[in-house]
Amino acid sequence: MTPQDEIEALLAQVALGDRSAFAELYRRTSAKLFGVVLRVLDNRSEAEEVLQDVYVRIWNKAGLYRVNGLSPMTWLITLSRNLAIDRRRVRVRRATSPSEAMDEMPDPSPGPEAQAIAKSTQSQVDECFDELPQDRADMLRRVYLHGDSYAELAAHLDAKLNTVRTWLRRSLLDLRECLSR
Amino acid sequence: MIDETPDIPEDDAPLIRAAEYSLGLLDRRNARAFETEMRDNPDLRDEVVFWTEYFVQFEAGASEVTPRSDVLRAVNRRLFGRKKSVLQKIIPYLTGALAAAALAWGVVSLGVLDQFAEPGLRADLAPVEGTLELAAVYNVRAGELHVVQNAGSLPPDRVAEMWLIVGDDAPVSLGLLDPDGDTRVAVPAELAALLPGATLAISDEPPGGSPTGAPTGAVRAAGTLSVES
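Note that this is a predicted model, so its numbers are computed, not measured.

Thresholds, definitions, all that
Residues numbered from 1 in each chain as written. Chains lettered and ligands numbered in written order. Predicted model: local features only at pLDDT ≥ 70, side-chain atom pairs only at ≥ 80, totals over all residues. Heavy atoms only, no water. Helix = DSSP H or I, 4+ residues; strand = E, 2+ residues; numbered from the N terminus. Buried < 20%, exposed > 50% of the residue type's maximum accessible area, 1.4 Å probe, protein only. Areas by Shrake-Rupley, 256 points an atom, 1.4 Å probe, with all protein chains shown as cover. Salt bridge = Lys/Arg side-chain N within 4 Å of Asp/Glu carboxyl O. Pairing = 2+ DSSP bridges. Contact = heavy atoms within 4.5 Å. Buried area = accessible area lost by both parts, 1.4 Å probe. Nonpolar A, V, L, I, M, F, W, Y, C, P; charged D, E, K, R; others polar. Disulfide = S-S within 2.5 Å. Phe/Tyr/Trp six-rings, centres within 6.5 Å; stacked < 30°, edge-to-face > 60°. Polar contact = N/O pair within 3.5 Å; in protein donor to acceptor, adjacent residues only side chain to side chain. Expected span 1.5 Å × (residues − 1).

Undergrad: I would appreciate a short explanation of the overall build of chain A in the present structure.
TA: A tally of regular secondary structure across chain A gives ten helices and zero strands. If you list the helices and strands of chain A from N to C, you get α-α-α-α-α-α-α-α-α-α. Looking at chain A as a whole, 54% of its 181 residues are labelled buried. Here chain A displays about 8,300 Å² of accessible surface, and carbon together with sulfur accounts for 49% of that area.

Pasting the structure below:
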C-alpha cells in the first residue's frame, strides 16, 4: 500500500465512524495540515482553532472525498486551506469596512512564522511553470501558499487591483495553454 | 458582480474562473455562483480538479509543523464530548445500592452498552442497475443511519431515494439522499428494532422524490443490514 492508499483507506474507515482510524489519520496528517493553515494565517492560536475545525469537518465529511475526484491528500490540504482562507477573509473584513478595504489593506506581507514556513517551498513544479516570468510565478505561489486575495496581492505589489487581476489571469491562461500541449 | 477582464476571450472565462475558484480568489458570491454552474457541468468540475491537483504541488517540500497536543483533545471533545457526559451521569449510580438496576436501565434505555463495544449495523449497497455503490451504518446511540456514496452516479435529472424493506412488507421511504453523497437520516427507535436483516435499497426518482410513496424508478443499489463484526 502506498501512503496515498493508506490515507484513502483511513478516510474510508473514518467515513463509517471508526474513531481509531480517525486518531491514526490525525497522527499522520496533522503536522502537514497545520503547516498549511499556519502559513495562511500566520498566527498560532488562530491556526490551532482552524485546525480543530478542519478535523471536525474531516470526521463529518470523510465520505465525500471519493465523489470529488481529488486524491485524498489533495482533498485534505484543500479543505484545510479553504477553511484557513475563509478565516483570513473574515479577519480582513473585520479590520476594515468594505469601502476602505481596497485602500487600507493591513500589511499583507507574511509575518516571521509564515516566512519561515515558506522558505522551504521553492519546490519544482514543471516546465510550464518555469516558462512563466519570475514575478508572475511568485504571484501564483504567493496566492496559493499564503492565500492572498487580489486586493492583498495588489497592496503587496503596490499595483492596481485590476492590473494585478489581469496579470494573474493572463498567467493562468498561458499556464493552461502550455499544460494542454 | 462578475468581473470580466476585457482582454480575456469569452470562451476562456469559465476556465479562468475554475482556476480562480481553486485558488480561493473568487469572492463568496461568485464562488457560490460558480459552484452552481459546476454542478451541471462536468467539464468545469474536471477543470477544478485539474487546477487543484496542479497547485497542490506547491505544497511539496513545505514545512510541517506539529500542533500542540491539546488540539486533538479539543477535537475529540467537540466530536465525542456528548458521550462522556452520559457516562458521567451514570457513574454516580454505580456506587449506590441500586447500581445493578441502574446500570441495566442504562443499557436498555440509553444504549449505553454501545459506548463500550460500539456494535453497529452495516450494509454495503451493491449496484443493481447502473454503477451506484454505497455503504450505510446505523448508529444506535444517535438513532441515525449514515449513508455514504462510494461510487457511481444517477442521470442528471433524477434523485436517489432510499427505502427500507422489512421481510415481505412494502418498501418504506427513508427519504432522499443528499446530492453531495453524504447523508444522515434519523431512524426512530421503533423502526430501529426492525433494521437487522432488513434490506436498504436505492431507487432513482424524479426531483422531489417518488410521487406515489412507492418506488417508481429503477432500483440502483441494494444491500442487507447486518451486525458489524
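Structure shown, so let's carry the discussion forward.
Undergrad: Got a minute to help me understand the pattern of salt bridges in this structure?
TA: Between side chains of opposite charge, a pair can form when the charged atoms approach closely. Tallied over the entire structure, the rule returns 23 salt bridges over all chains. Across the salt bridge formed by Arg78(B) and Asp53(A), the nearest N and O atoms sit 2.9 Å from each other. Taken as a pair, Arg78(B) in helix H4 (residues 70-94) and Asp53(A) in helix H3 (residues 44-61) lie in two separate chains rather than in one. Residue class for Arg78(B) comes out partly exposed when judged on its relative accessible area of 43%.

Undergrad: How do you make sense of the pairing of strand E8 (residues 219-224) of chain B when you look at a structure like this?
TA: Along a regular strand, successive side chains alternate from one face of the sheet to the other. All names here are of chain B. Looking at chain direction, strand E1 (residues 121-127) and E8 are connected through two bridges and run antiparallel. The partner of Pro127 across the bridge, within E8, is Ala221. As judged from the five bridges shared by strand E7 (residues 199-205) and E8, these two strands associate in the antiparallel manner. Bridging across to E8, Leu200 finds its partner in Gly223.

Undergrad: What should I look at first to understand the interface of chain A and chain B in this one?
TA: One widely used convention gives an interface's size as the accessible area the parts lose upon coming together. With 65 residues of chain A at the interface, the matching set in chain B holds 57 residues. Its largest share of buried area at the contact with chain B, chain A owes to Leu16(A), Tyr144(A) and Arg169(A), together 12% of the area lost on that side. On the surface where chain A and chain B come into contact, there are five salt bridges. Split into classes, the residues belonging to the side of chain A that touches chain B amount to 31 nonpolar, 15 polar and 19 charged.

Undergrad: Help me understand the state of the cysteines in this model?
TA: One way to say it: the disulfide is the covalent bond shared by the sulfur atoms of two cysteines. Residues and elements named next belong to chain A. As enumerated under the stated definition, the model contains one disulfide over all chains in all. A disulfide bridge connects Cys128 with Cys178, and the sulfur atoms are separated by 2.0 Å. Its S-S torsion of about -80 degrees marks the bond between Cys128 and Cys178 as left-handed, since a negative value means left-handed. Here Cys178 lies in helix H10 (residues 161-179) and Cys128 lies in helix H7 (residues 127-131), a separation of 50 residues in the sequence.

Undergrad: Where do I start with the packing of aromatic side chains in this structure?
TA: Pairs of aromatic rings are described using the distance from one ring centre to the other and the angle between the two planes. Per the stated rule, a full pass over the model turns up 15 aromatic pairs over all chains. For the pair Phe22(A) and Trp59(A), a centre-to-centre distance of 5.2 Å together with 70 degrees between the ring planes defines the contact as edge-to-face. In this pair, Phe22(A) sits in helix H2 (residues 19-41) while Trp59(A) sits in helix H3, placing the two residues 37 residues apart along the sequence. Across the pair, Trp59(A) and Phe22(A) agree in class, each one buried. Aromatic side chains Trp51(B) and Tyr54(B) sit 6.1 Å apart centroid to centroid with 85 degrees between the ring planes, which places their arrangement in the edge-to-face category.

Undergrad: What is the right way to read the environment of Val49(B) from this model?
TA: Structurally, Val49(B) can be placed in helix H3 (residues 42-55). Sequence separation of Val49(B) and Ser22(B) is 27 residues, and the distance between their C-alpha atoms is 8.2 Å. The contact partners of Val49(B), leaving out residues within four places of it in the chain, are Asn68(A), Gly69(A) and Leu70(A).

Undergrad: I keep staring at unusual backbone geometry and nothing clicks. Help me out?
TA: Residues and elements named next belong to chain A. A positive phi is found at Asp42, a non-glycine position, where the angle reads about 55 degrees. Among the structural elements, Asp42 can be located in the loop between H2 and H3. Taking the relative accessible area as the measure of exposure, Asp42 reaches 25% and is therefore partly exposed. The phi dihedral of Asp158 falls on the positive side, at around 55 degrees, and the residue is not glycine. Structurally, the position occupied by Asp158 is in the loop between helix H9 (150-157) and H10. Residue Asp158 is classed as exposed on the basis of its relative accessible area of 72%.

Undergrad: Explain the side chain of Ser210(B) here, please?
TA: All names here are of chain B. Checked against the element boundaries, Ser210 lands in the loop between E7 and E8. Its relative accessible area of 13% is what places Ser210 among the buried residues. Among the polar contacts listed, one links the side chain of Ser210 to the backbone nitrogen of Gly213, at a separation of 3.2 Å. With residues up to four places along the chain from it excluded, the contact list for Ser210 reads Glu161, Trp163, Glu205 and Thr216.

Undergrad: So what exactly am I meant to see when it comes to the environment of Gly152(B) here?
TA: All names here are of chain B. Here Gly152 shows up in the loop between strand E3 (144-151) and strand E4 (159-165). With a relative accessible area of 31%, Gly152 lands in the partly exposed category. Counting along the chain gives 18 residues from Gly152 to Leu134, while the straight-line C-alpha distance between them is 8.9 Å. Beyond its immediate chain neighbours, meaning those up to four positions away, Gly152 contacts Thr131 and Leu132.

Undergrad: Explain the environment of Leu132(B) here, please?
TA: Residues and elements named next belong to chain B. Of note, Leu132 is situated in the loop between E1 and strand E2 (133-139). As for Leu132 and Ala160, which are separated by 28 residues in sequence, their C-alpha atoms are 9.9 Å apart. Residue contacts for Leu132: discarding those within four places in its chain leaves Leu125, Ala126, Pro127, Gln149, Ala151, Gly152, Ser153, Leu154, Ile202, Arg220 and Ala221.

Undergrad: I keep staring at helix H8 (residues 134-146) of chain A and nothing clicks. Help me out?
TA: Side chains three or four residues apart in an α-helix point the same way, a direct result of the helix having 3.6 residues per turn. Residue and element names in this part refer to chain A. Its 13 residues give H8 an end-to-end C-alpha distance of 17 Å, which sits within 8% of 18 Å, the value for a rise of 1.5 Å per residue. Taken across its 13 residues, H8 has ten buried, putting it largely inside the fold. Among the residues of H8, those classed as buried are Arg136, Ala137, Met139, Leu140, Arg141, Arg142, Val143, Tyr144, Leu145 and His146.

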